[in-house]
Amino acid sequence: MSGLVKKLVTRSLSVAGKWQHQQLRRLNIHEYQGAELMGKYGVNVPKGVAVSSLDDVKNAIEQVFPNETELVVKSQILAGGRGLGTFRVSSGGVHIVTGDTFR
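As annotated in an unreviewed UniProt entry, the protein chain carries the name ATP citrate lyase family protein and is attributed to Sinapis alba.

Printed below as a string of structure tokens:
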């Protein structure tokens, strides 16, 4: 049985009479990188900033979001599934922070 499965997996697939090869994904980018690319080509994306330290967060808030009362903070890592990027202080990788929490 395993030999038959191996043959099926390694061969190309015939779909509607045309031979199709399985597509390989070799592009791994973070969400913020995808947003930058889409924005560059005219797709509307939410305003955002990638930061890697607390000082970067404070500078981004002062320079990019000075009048905002709520912000979304997202953890982003290259991983094989959803929910794997989390913060050390709490569970989950997406948080809405309000008011003086981020000032």
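Draft legend 1. Region of interest: the pattern of salt bridges. Using the criterion set out here, one finds one salt bridge in the structure. Here Lys74 makes a salt bridge to Glu31, at a shortest N to O gap of 2.8 Å. Separated by 43 residues along the polypeptide, Lys74 in strand E3 (residues 70-74) and Glu31 in helix H2 (residues 31-40) bring together distant segments of the chain.

Draft legend 2. Inspection of the confidence of the model for the protein chain at higher detail. Per-residue pLDDT for the protein chain has a mean of 76; in total, 65% of the residues score no lower than 70. Across the protein chain, the element-wise mean pLDDT spans from 52 in strand E1 (residues 13-15) up to 90 in H2.

Draft legend 3. Here's a closer look at the environment of Gly92. With respect to the secondary-structure elements, Gly92 resides in the loop between E3 and strand E4 (94-98). For the pair Gly92 and Ser75, spaced 17 residues apart in sequence, the C-alpha separation works out to 8.5 Å.

Draft legend 4. Inspection of the environment of Val97 at higher detail. Tracing the chain through its elements places Val97 in strand E4. Under the relative-accessibility criterion, Val97 is labelled buried at 18%. Taking the C-alpha atoms as reference points, Val97 and Leu71, separated by 26 residues in sequence, lie 5.4 Å from one another.

Draft legend 5. Representation of a nonpolar patch on the surface. Taken together, the side chains of Leu27, Ile29, Leu37 and Tyr41 present a nonpolar region at the surface, about 450 Å² in accessible area. When you line up the elements, Leu27 lands in the loop between strand E2 (18-20) and H2.

Draft legend 6. Structural view of the side chain of His30. Checked against the element boundaries, His30 lands in the loop between E2 and H2. Once residues lying within four places of it in the same chain are set aside, the contact partners of His30 are Gln76, Ile77 and Leu78.

Cut-off values and rules
Chains are numbered independently. Their residues run from 1 in the order of the written sequence. For this predicted model, a pLDDT threshold of at least 70 governs which residues receive local features, and a threshold of 80 or more governs which side-chain atom pairs are given and counted, while totals over whole chains, interfaces and linings are taken from all residues. To get the side-chain values, all heavy atoms of the structure are used, and hydrogens and water are removed first. In the sections that follow, a salt bridge refers to a side-chain nitrogen of Lys or Arg positioned within 4 Å of a carboxyl oxygen of Asp or Glu. Runs of H or I in DSSP of at least four residues are treated as helices and runs of E of at least two as strands, each being numbered from the N terminus. Values of pLDDT, the confidence the predictor places in each residue, fall between 0 and 100. Only protein chains enter the calculation, and the probe is 1.4 Å; a residue is then buried if its accessible area is under 20% of its type maximum, exposed if over 50%, and partly exposed in between. Patch membership needs two things, relative accessible area over 30% and no salt bridge, and members are linked within 9 Å if like-charged or within 5 Å if nonpolar (Val, Leu, Ile, Met, Phe, Trp, Tyr). Surface accessibility follows the Shrake-Rupley procedure with a 1.4 Å probe radius. Residue values consider only the protein chains on display as shielding. Any pair of residues with heavy atoms lying within 4.5 Å of one another is described as a contacting pair.

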